[in-house]
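Letter by letter, the chains look like this.
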Amino acid sequence: MSEVTPIIPQATSKRLPLYYRFLQNFSNAGKKRVSSSELSEAMKIDAATIRRDFSHFGALGRKGYGYDVDNLLVFFRSALDQDEETDVALIGVGSLGTAFLKYNFQKNHNTRIVVAFDPKVPKEGKSISNIPVFHPDMMEEMIKKMGINLVILTVPAKAAQEIADRLAAIGVKGILNFTPARLSVPDWMRIHTIDLSVELQTLIYFIKNDVKDSQL
Ligand code: ATP
């Protein structure tokens, strides 16, 4: 397997964290090797897709042997930067934001929210689940000081663009946007939008129209 992360298609790279999680489960259960059909069964992704994805990683399963779980975990850990902890900031501590602060990301990932911002807190800040929450006036200073590149955005839609502009101005690289706002940002900044009502509507549409291939 190559030491360097190869260039892989976007659809494949979106499945990386999922593969990582399932391989960890197999490893925790003491399994040393796994076949594409076992993974397929567990993940509900067809085996041909898994074999194609894994060929992009340079992982070629052997007939009758399958894939070496530990080797794959080493690859995924490095591809996903799981050897390093990723610090994340959260902006907007309403109902959804508070739920994220209380949710323990570290159970499965080396990602953790280390700071949050909301105008409703006093200037001196407060703490939720041991995560400090400050006024957004402090946002730029704290994010720069803490070297944070990734932000979860759970503010009202009308506040989202202004926050995105401020984050772009200090070079934050990615926003996980939980607001329905479509954000305009510089090319180098990455936005992933998860609009929960759109996701639900899509699911309802799939159910009503009996659309089948909707696992991921
Ligand atoms: P709540 O019920 O706590 O008022 P909510 O869960 O209904 O909030 P929103 O009204 O969408 O959700 O607001 C989410 C949070 O974003 C609120 O806590 C609000 O104070 C905060 N917020 C609003 N504007 C900003 C801003 N410019 N920067 C950071 N946080 C903001």
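Residues numbered from 1 in each chain as written. Predicted model: local features only at pLDDT ≥ 70, side-chain atom pairs only at ≥ 80, totals over all residues. Heavy atoms only, no water.

The protein is annotated in an unreviewed UniProt entry as Redox-sensing transcriptional repressor Rex from Sporosarcina highlanderae. Checking UniProt for the protein, the heading Function (unreviewed entry) contains the comment "Modulates transcription in response to changes in cellular NADH/NAD(+) redox state." Reading the Subunit (unreviewed entry) entry of the UniProt record for the protein gives the comment "Homodimer." (UniProt positions renumbered as here; feature names shortened; annotations may be inferred.)

Helix and strand counts for the protein stand at 8 helices and 9 strands. Counting over 216 residues, the protein shows a buried share of 37%. Pairs at least 24 apart in sequence give 56% of the contacts found in the protein among residues at least 6 apart. A total accessible area of about 13000 Å² is found for the protein, and carbon and sulfur atoms account for 52% of it. (Helix = DSSP H or I, 4+ residues; strand = E, 2+ residues; numbered from the N terminus. Buried < 20%, exposed > 50% of the residue type's maximum accessible area, 1.4 Å probe, protein only. Contact = heavy atoms within 4.5 Å. Areas by Shrake-Rupley, 256 points an atom, 1.4 Å probe, with all protein chains shown as cover.)

A few words now on the sheet that holds strand β9 (residues 190-193). The 7 strands are arranged β5-β6-β4-β3-β7-β8-β9 in an open sheet whose pairing can be described as mixed. Here the strands that pair on one side only, and so sit at the sheet edges, are β5 (126-128) and β9. Adjacent strand axes in the sheet meet at a mean angle of 30°, parallel and antiparallel pairs treated alike. With 6 bridges connecting them, strand β3 (residues 86-91) and strand β4 (residues 111-117) associate as parallel partners. When the bridges of β4 are listed, leucine 90 appears paired with alanine 116. (Pairing = 2+ DSSP bridges. Axes fitted to C-alpha atoms, helices over the stretch in contact; angles between N-to-C directions.)

This brings us to the site of the ligand. Near the ligand you find 14 residues, and of these Gly94, Ser95, Asp118, Pro119 and Lys120 are the closest. The backbone of serine 95 places a nitrogen or oxygen atom 2.6 Å from an oxygen atom of the ligand. Contact between the ligand and aspartate 118: an oxygen atom at 2.6 Å from a side-chain N or O atom of the residue. The fraction of the free accessible surface of the ligand (610 Å²) that becomes covered by protein chains is 64%. Looking at the shell around the ligand residue by residue, the classes come out as 8 nonpolar, 4 polar and 2 charged. (Near = heavy atom within 4 Å. Polar contact = N/O pair within 3.5 Å; in protein donor to acceptor, adjacent residues only side chain to side chain. Nonpolar A, V, L, I, M, F, W, Y, C, P; charged D, E, K, R; others polar.)

Turning our eyes to something else, we now look at the packing of helix α1 (residues 10-28) against helix α4 (residues 69-79). The N-to-C vectors of α1 and α4 enclose an angle of 145°; their axes lie 10 Å apart at closest approach. The interaxial crossing formed by α1 with α4 has left-handed handedness. Seen from α1, the contacting residues are Leu16, Tyr19, Tyr20, Leu23, Gln24 and Ser27; seen from α4, they are Val69, Asp70, Leu72, Leu73, Phe76 and Arg77. (Left-handed = near helix turned anticlockwise from the far one by under 90°.)

UniProt tags residues 18-57 as "DNA-binding region" (unreviewed entry). This span, residues 18-57, is 72% helix and 5% strand, and a straight line between its end C-alpha atoms measures 15 Å.

As a further point, take helix α2 (residues 36-43). Restricting attention to buried positions, one finds in α2 the residues Ser36, Leu39, Ser40 and Met43. Looking straight down α2, one finds that the buried residues subtend no more than 105° of arc, so they occupy a single side. Next to the buried residues of α2 lie α1, β1 (33-34), α3 (47-56) and β2 (67-68). (Arc of directions from axis to C-beta.)

With that out of the way, let us pick up a nonpolar patch on the surface. A cluster of nonpolar side chains, Leu200, Leu203, Ile204 and Ile207, forms an exposed patch at the surface whose accessible area comes to about 400 Å². Relative to the assigned elements, isoleucine 207 resides in helix α8 (residues 196-208). (Patch = residues over 30% accessible without salt bridge, like charges linked within 9 Å, V, L, I, M, F, W, Y side chains within 5 Å. Salt bridge = Lys/Arg side-chain N within 4 Å of Asp/Glu carboxyl O.)

All right, on to α1 then. For α1, built from 19 residues, the straight-helix expectation of 27 Å at 1.5 Å per residue is met to within 8% by its first-to-last C-alpha distance of 28 Å. Approximately 35° is the largest bend angle found in α1, and it occurs at leucine 16, with the proline proline 17 only one to four residues beyond. For α1, every residue scored as buried is listed here: Thr12, Arg15, Leu16, Tyr19, Tyr20, Leu23, Gln24 and Phe26. Taken together, the buried residues of α1 touch β1, α2, α3 and α4. One or two positions beyond α1, positive phi appears at glycine 30, with a value near 85°. (Expected span 1.5 Å × (residues − 1). Bend = angle between axes of the 7 residues up to and from the residue.)

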